[in-house]
Amino acid sequence: MNFSKKKKVVMAFTVEKCTKCNAMKKRTFSDGDTLFAPSSKCASCGEIASIEKIFGETLDE
Ligand SMILES: [Zn+2]
């Protein structure tokens with residue numbers, strides 16, 4: 001059975017937002033990412049950014 005003519009790949013992304021300066025950073029989702037959980041350090045102010053959004057994007061292969 002062939003459901004799609006084109007092969008699609010779903011990529012998961014994580015958006016981190018700094019609570020201090022509101023800088024946002026988009027990166028690929030990594031295992032263990034949880035919404036609103038503290039994530040990596042903000043690149044501009046050094047504050048710990050938290051996860052603002054996790055979403056999937058469909059990409060054409
Ligand atoms: Zn910041």
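Residues numbered from 1 in each chain as written. Predicted model: local features only at pLDDT ≥ 70, side-chain atom pairs only at ≥ 80, totals over all residues. Heavy atoms only, no water.

1. Structural notes on the sheet that holds strand β1 (residues 8-18)
Right, on to step 1. Read across the open sheet, the 4 strands follow the order β2-β1-β4-β3; overall the sheet is antiparallel. Lying at the two open borders of the sheet, with one neighbouring strand each, are β2 (24-28) and β3 (38-41). Within the sheet, the average angular offset between the axes of one strand and its neighbour, ignoring direction, is 45 degrees.
Right, on to step 2. Strand direction decides the pairing type here: β1 and β2, joined by 5 bridges, are antiparallel. When the sheet's bridge partners are listed, V15 is paired in β2 with K26. (Pairing = 2+ DSSP bridges. Helix = DSSP H or I, 4+ residues; strand = E, 2+ residues; numbered from the N terminus. Axes fitted to C-alpha atoms, helices over the stretch in contact; angles between N-to-C directions.)

2. Some words on the packing of aromatic side chains
Right, on to step 1. For the structure shown, the criterion picks out 1 aromatic pair.
Right, on to step 2. In this structure, K26 is placed above the aromatic ring of F13, and the distance from its NZ or CZ to the ring centre is 4.4 Å.
Right, on to step 3. Positioned above the aromatic ring of F55 is the side chain of K53, whose terminal nitrogen or guanidinium carbon lies 5.3 Å from the ring centre. (Phe/Tyr/Trp six-rings, centres within 6.5 Å; stacked < 30°, edge-to-face > 60°. Lys NZ or Arg CZ within 6 Å of the ring centre and 35° of its normal.)

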